[in-house]
Amino acid sequence: MALPWKLHGDGKDVGAREVVGPAERLTWPRTIGLGAQHVVAMFGATFLVPILTGFPPSTTLLFSGVGTLLFLLITKNRLPSYLGSSFAFIAPITVATTAQGMGSALFGIVIVGLLLALVGLLVQFTGIGWINALMPPVVAGAIVALIGFNLGPAAWNNFQLAPVTATITLAAVILASVLFRGILGRMSILLGVAVGYIAAAFFGEIDFSQVENAAWIGFPDFATPGNPFTDSALWAVLPAFLPVVLVLIAENVGHIRGVAQMTEDPTINKLTGRGLFADGLATMVAGMGGGSATTTYGENIGVMAATRVYSTAAYWVAGIFAILLGLSPKVGAVINTIPAGVLGGVTTALYGLIGIIGVKIWIDNRVDFSLPKNQFTAAIALILGIANYTLQFGDVIFNGIALGTIAAIVVYHVMNTLGRLRGTD
């Protein structure tokens, strides 16, 4: 069977004003190299999520590769994307595992994936207008920002365990982002972790015993979600997870719009429903097997923008590489040795960057903060998230992310509606 990509030009060069489209490819050695580059780009952020949440890194890498291949199949090879670990899940997973164990966190991941898939099917038939109406930029930005800022205390908890190592790691992240150009500059998180890891090894903060005992080839540790029909307490974790659906919608829609704009192909926007469904399905598959939930990755958009190569062939290569990495327990064991100080340093930057992405949504969409409805929407949502307000009904606990998300949507739409009725908008 013939492969679906046609060769771009001679397959070797990309002109200054040209792009390699999703249905095209370069020569296979170059395509394989680009695929490996996509793995490097996603690796730093993708492996941090399981480290921070206590999930097996090898399992997460395996399911990120599987999810990427599923995404490409469902979107008919027309939407280049890598599905890496979603940082939006860190807080709810932490809440769930602390309260009910890993099975409850996996249950929450599966439910979020199911809801996202259903939203994708709905968008496929109705269009995306209702999502834009429900989450205008001020609301979407507030939700993304409060998730990042809500994680601040977790960064500090790790930072103070080894402040010298954490400071070295954070400094390395900052310097790498300004000293290096191109792909190296975009890999500042990974480079920072590498420098911090070397420092931690010098200070004697790393235990290599598990690495020595781990096999080079083997299946990762799999786990299954809890059963809510035999353990009703699992339903109590859902309020912490449900707001993440809105974040995944915003991330996927933003990714698809970005690719459509960069490739100058507006028909890609018609794949929004398929993209949401594919990410939802990939998240469900990961949750069913013990992996972290997935989302489209901005790091890989950066690689495409730098190389002007949007070939989905490169993403097939990246997905296969990730699966092979996931089948090496020794790789997972090495990742598991990353100490608290390194995590504290890198997450100080990383969690803040998640918050700033929300701010960027406001800036890019020119949100007018002279309007009270925008002021109060952002202000109330951020405080609820940063201070981690909680509200409990029986066994069900709404944390700061859940309450902040609800507040952002309710405050905006109530103020907007009343303002229009009273003529004070």
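Residues numbered from 1 in each chain as written. Predicted model: local features only at pLDDT ≥ 70, side-chain atom pairs only at ≥ 80, totals over all residues. Heavy atoms only, no water.

(A) Geometry of the environment of Gly 332. Checked against the element boundaries, Gly 332 lands in helix H16 (residues 329-336). The exposure class of Gly 332 is buried, given its relative accessible area of 5%. For the pair Gly 332 and Thr 230, spaced 102 residues apart in the sequence, the C-alpha separation amounts to 32 Å. Ignoring anything within four residues of it in the chain, the contact list for Gly 332 reads Pro 57 and Ser 58. (Helix = DSSP H or I, 4+ residues; strand = E, 2+ residues; numbered from the N terminus. Buried < 20%, exposed > 50% of the residue type's maximum accessible area, 1.4 Å probe, protein only. Contact = heavy atoms within 4.5 Å.)

(B) Region of interest: the environment of Ile 74. Turning to its location among the elements, Ile 74 is positioned in helix H2 (residues 57-74). Ile 74 sits in the buried class, given a relative accessible area of 16%. Taking C-alpha positions, Ile 74 is 9.7 Å from Leu 271, a pair spaced 197 residues apart along the chain.

(C) Broad picture of unusual backbone geometry. Positioned with a positive phi, Asn 77 is a non-glycine residue whose angle comes to about 65 degrees. Along the polypeptide, Asn 77 turns up in the loop between H2 and strand S3 (83-85). If you check the backbone angles, Arg 366 has positive phi at about 50 degrees while not being a glycine. Considering the arrangement of structural elements, one finds Arg 366 in the loop between helix H17 (340-364) and helix H18 (372-386).

(D) Fine view of the nonpolar core. Phe 87, Phe 89, Phe 241 and Ile 249 are the most contacted members of the largest nonpolar core, which totals 102 residues. In terms of residues, this core owes the most to one element, helix H12 (residues 238-262), which gives twelve residues. Ignoring anything within four residues of it in the chain, the contact list for Phe 89 reads Ile 109, Val 112, Phe 241, Val 244, Leu 248, Thr 283 and Ala 293. If you look at the next biggest cluster of nonpolar residues, it comprises five residues, including Leu 26, Leu 34, Val 309 and Ala 314. (Core = buried A, V, L, I, M, F, W, Y, C linked by side-chain atoms within 4.5 Å.)

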